Amino acid sequence: MAIKQLTETIINQIAAGEVIERPASVVKELVENAIDAGATRIDIVTAGGGKNLIRVTDNGSGIPSDELTVAVARHCTSKLTDNVHDIRALGFRGEALPSIGSVSRLSMKSRIAEADSGFEVNVHGGRLDGPRPTPMNGGTIAEVRDLFFATPARLKFMKTDRAEAAAISDVVKRVAIAFPHIRFSIAGSDRTPLDLAATGRGSTGMLERISQVLGKEFPENAIAIDAMRDGVRLSGFAGIPAFNRANSLQQFAYVNGRPVRDKQIWGAIRGAYADVISRDRHPVVVLFLNLDPALVDVNVHPAKADVRFRDPGLVRGLIVGAIREALGQSGIRAATSGAEAMLNSFRRGGIEPVRPAGQRWPAAAAVNQNYNVQRSPYRPFETEPAASHEGGFAETVQAFLYDGAAALAADTRAGMAEAPQELLSAPLGAARAQIHANYIVSQTEDSLVIVDQHAAHERLVYEALKNALHAKPLPAQLLLIPEIVDLPEEDVERLTAHAATLARFGLGIESFGPGAIAVRETPSMLGEIDTQKLIRDLADEIAEHDTSDGLKAILDHVAATMACHGSVRAGRRLKPDEMNALLRQMEETPGSGTCNHGRPTYIELKLTDIERLFGRR
């Protein structure tokens, strides 16, 4: 077959295959054009998930009548100079409008401020018609009908109207976060209307816009980020580790105001949270990178979703370092979502009172006449009288009413007297009780805190093990009789290869023949442990991660495994001093809001929430 020049229509349809993947791609291109035109209000209307209709109306500067026909021509743009590396606008290729017009029925209406009327051009399947005068206000109206009618095979790959409408909403929200001074609205027969009011420029306006998109929970569980290194500035907000999601859809990254889905940035975010979030959970973050356009190439992806940095190591280091520093400086914080879930589980109406067989409910008037609580079938279970009526959870339940009947005793009381004020004013308060031999209940000045002792101590041990790599080795306890662990030869070789590193953790091992390991020392801080299981788990971890990821990944997993084996186990009763000591250590340890598996270590319930639960507010 002879080589020949393709027609302009075929060229545009090929370009549309790269740029216009689905209706959301059309909305993205048209909205970016409106932003580049200086619009302060952008209204989007869709039908049929964007396949039947997409209309984007803005109040921007508009397009002069003599430039309308050029605007829908291929490779025509007003946003690019002779330097292709100096890109300061969202759009720059001049491919979007001709590509859209080649596969749909495109109508462009525009009016500049100085003109007496607007002008309109139509592009149907690549054929141009116009311009002609049309009445309209200032700005531009881009209307796309029958998307992919010229390439019907593409319609077979479209999803349902609901799915395409959701994708359009996601695109608009991602763009809207970066431009809080612009009002965005989406409406149509295929969706629930969405109106994002303009919130203004600056950090306050930005946080308000993020709240509109991510919900009011995010500002309550986020930490401000502001860092700069070698001309690259990073700003935005990072969610605390306990505030996480099952997917990465609520991770937003912007490079010079452009929303991107870049693997380098996602990898840096994952690395920043590696020690505090489980592998199957994802943090909620909104990050803005601002740098010289010459230091980043945005022309490496047809849809401009990926970018390429001149110094990717600098960017990764900046993101990881800034997020970790912010998390470390923020102190210990619990996600408000945990308290909300706890409140929901206590909502009234879930349990109906049960009437004893053969009895009728007493009349309202009879309740106050000759009533004796001791003869009531609903009286509290009687236990041994409490020793005192003072102190948090240790006080009796209205002894004057129940005639000495006390509350059910907790597993461990943290003292019967009032807690010292200095403990109540601490972030995690004063320990008041231990329940079910696993949960510490503490009291602050304005809240109630429930701590998972195993998860909390696991984080503390993990941080201590990591610090041992950079400080002095952990103290070790010498075993009177070395413990011999039988293992396959390859596991013995892997463990002995890392014997020096394990020695810094306080674990002394050596080869004991071709198929065994002799354990001579164990870390003092772990106390009594199942040495056999620990060694086998360490061998498995090293075998799984002893790859090109390097030594750091191995050490992190080794530390996590040892921490899990050596932490305070569920079911262990703690003395009051031990409980308070654990709380104070948590307050001093960065990242102690979650264990090294990403689970929350405590939940805080504010007094106002408790009062609201009981109808006092």
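Calculation rules
- Residues numbered from 1 in each chain as written.
- Predicted model: local features only at pLDDT ≥ 70, side-chain atom pairs only at ≥ 80, totals over all residues.
- Heavy atoms only, no water.
- Pairing = 2+ DSSP bridges.
- Helix = DSSP H or I, 4+ residues; strand = E, 2+ residues; numbered from the N terminus.
- Axes fitted to C-alpha atoms, helices over the stretch in contact; angles between N-to-C directions.
- Contact = heavy atoms within 4.5 Å.
- Phe/Tyr/Trp six-rings, centres within 6.5 Å; stacked < 30°, edge-to-face > 60°.
- Buried < 20%, exposed > 50% of the residue type's maximum accessible area, 1.4 Å probe, protein only.
- Lys NZ or Arg CZ within 6 Å of the ring centre and 35° of its normal.
- Core = buried A, V, L, I, M, F, W, Y, C linked by side-chain atoms within 4.5 Å.
- Expected span 1.5 Å × (residues − 1).
- Salt bridge = Lys/Arg side-chain N within 4 Å of Asp/Glu carboxyl O.

Student: Pulling in residues and values, what's your account of the sheet that holds strand S24 (residues 516–523)?
Tutor: Read from one edge of the open sheet, 3 strands run S22-S24-S23, paired in antiparallel fashion. Looking at strand neighbours, the two that pair on one side only are strand S22 (476–486) and strand S23 (508–511), the edges of this open sheet. Geometrically, the sheet is characterised by an average inter-axis angle of 20° between neighbouring strands, direction not taken into account. Examined bridge by bridge, S23 and S24 share 4 bridges and lie antiparallel to one another. Its bridge partner lying in S24, Glu510 is registered against Ala518. Taken strand by strand, helix H14 (residues 489–497) contacts S23 and S24, and its axis lies near 35° from that of S24.

Student: Which residues make up the sheet that holds strand S15 (residues 285–290), and what values go with them?
Tutor: Taken together, 5 strands build an open sheet; the order of strands is S9-S10-S15-S12-S13 and the sheet is mixed. Edge positions in the sheet fall to strand S9 (222–229) and strand S13 (258–260), since each of these pairs with one other strand and no more. Pairwise comparison of adjacent strand axes, ignoring direction, gives a mean angle of 20° for this sheet. Judged from the 3 bridges that link them, strand S12 (residues 251–255) and S13 form a sheet pairing that is antiparallel. Looking at the pairing, Tyr254 lines up with Pro259 of S13. Relative to the sheet, helix H6 (residues 202–214) contacts strand S10 (232–239), S12 and S15, its axis offset from that of S10 by approximately 45°. Lying on the sheet, helix H9 (residues 312–329) is in contact with S9, S10 and S15; it crosses S9 at an angle near 140°.

Student: Explain the packing of aromatic side chains to me, and be specific about the residues and the numbers.
Tutor: For the structure shown, the criterion picks out 2 aromatic pairs. Taken together, a centroid distance of 6.5 Å and an interplanar angle of 50° make the contact between Phe218 and Phe243 tilted. One end of the pair, Phe218, is in helix H7 (residues 217–220); the other, Phe243, is in the loop between S10 and strand S11 (244–245), with 25 residues separating them in the sequence. We classify Phe218 as buried; its relative accessible area is 0%. Each ring, one from Tyr254 and one from Phe288, has its centre 5.0 Å from the other, and the planes form 15°; the classification is stacked. Within this pair, whereas Tyr254 is found in strand S12, its partner Phe288 is found in strand S15, the two being separated by 34 residues in sequence. Summarising the burial analysis for this pair, Tyr254 and Phe288 share the class buried. When the ring centre of Phe149 is taken as origin, the NZ or CZ atom of Arg105, which lies over that ring, is 3.9 Å away. Against the face of Phe243 rests Arg245, its NZ or CZ located 4.5 Å from the ring centre.

Student: Lay out the nonpolar core with the relevant residues and their values.
Tutor: Grouped together as the largest cluster of nonpolar side chains are 91 residues, with contacts concentrated most on Ile42, Phe184, Tyr273, Leu289 and Ile319. Counting residues per element, this core draws most heavily on H9, at 9 residues. Dropping the residues within four chain positions of it, Phe184 is found in contact with Val31, Ile35, Ile42, Val172, Val175, Ala176, Phe179, Leu194, Asp195, Leu196 and Arg209. Ranked by size, the runner-up nonpolar core spans 19 residues in total, among them Val461, Phe505, Leu538 and Ile542.

Student: Break down the environment of Arg617 for me, with residues and values.
Tutor: Within the element layout of this structure, Arg617 appears in the segment after helix H19 (607–613). Given a relative accessible area of 61%, Arg617 falls into the exposed group.

Student: So what about the environment of Pro488? Which residues, and what values?
Tutor: As for its placement among the helices and strands, Pro488 is situated in the loop between S22 and H14. Sequence separation of Pro488 and Ala539 is 51 residues, and the distance between their C-alpha atoms is 9.8 Å.

Student: Can you tell me about helix H5 (residues 161–178), naming the residues and giving the values?
Tutor: Its 18 residues place the ends of H5 27 Å apart at the C-alpha level, agreeing with the 26 Å of an ideal helix rising 1.5 Å per residue. Residues of H5 that are buried: Glu164, Ala165, Ala167, Ile168, Ser169, Val171, Val172, Arg174, Val175, Ala176, Ile177 and Ala178.

Student: Quick one: what's the story with the pattern of salt bridges, residue by residue and with numbers?
Tutor: Under the defined criterion, the tally for this structure stands at 19 salt bridges. A salt bridge links Arg494 to Asp491; the shortest N-O distance between them is 2.7 Å. Taken together, the positions of Arg494 and Asp491, both in helix H14 and 3 residues apart, correspond to about one turn of that helix. Asp491 gets classed as buried once you look at its relative accessible area, which sits at 11%. Notably, a salt bridge pairs Glu604 with Lys606, separated by 3.3 Å at the nearest N-O pair. A network of salt bridges, in which partner residues are shared, links Arg55, Glu143 and Arg145.

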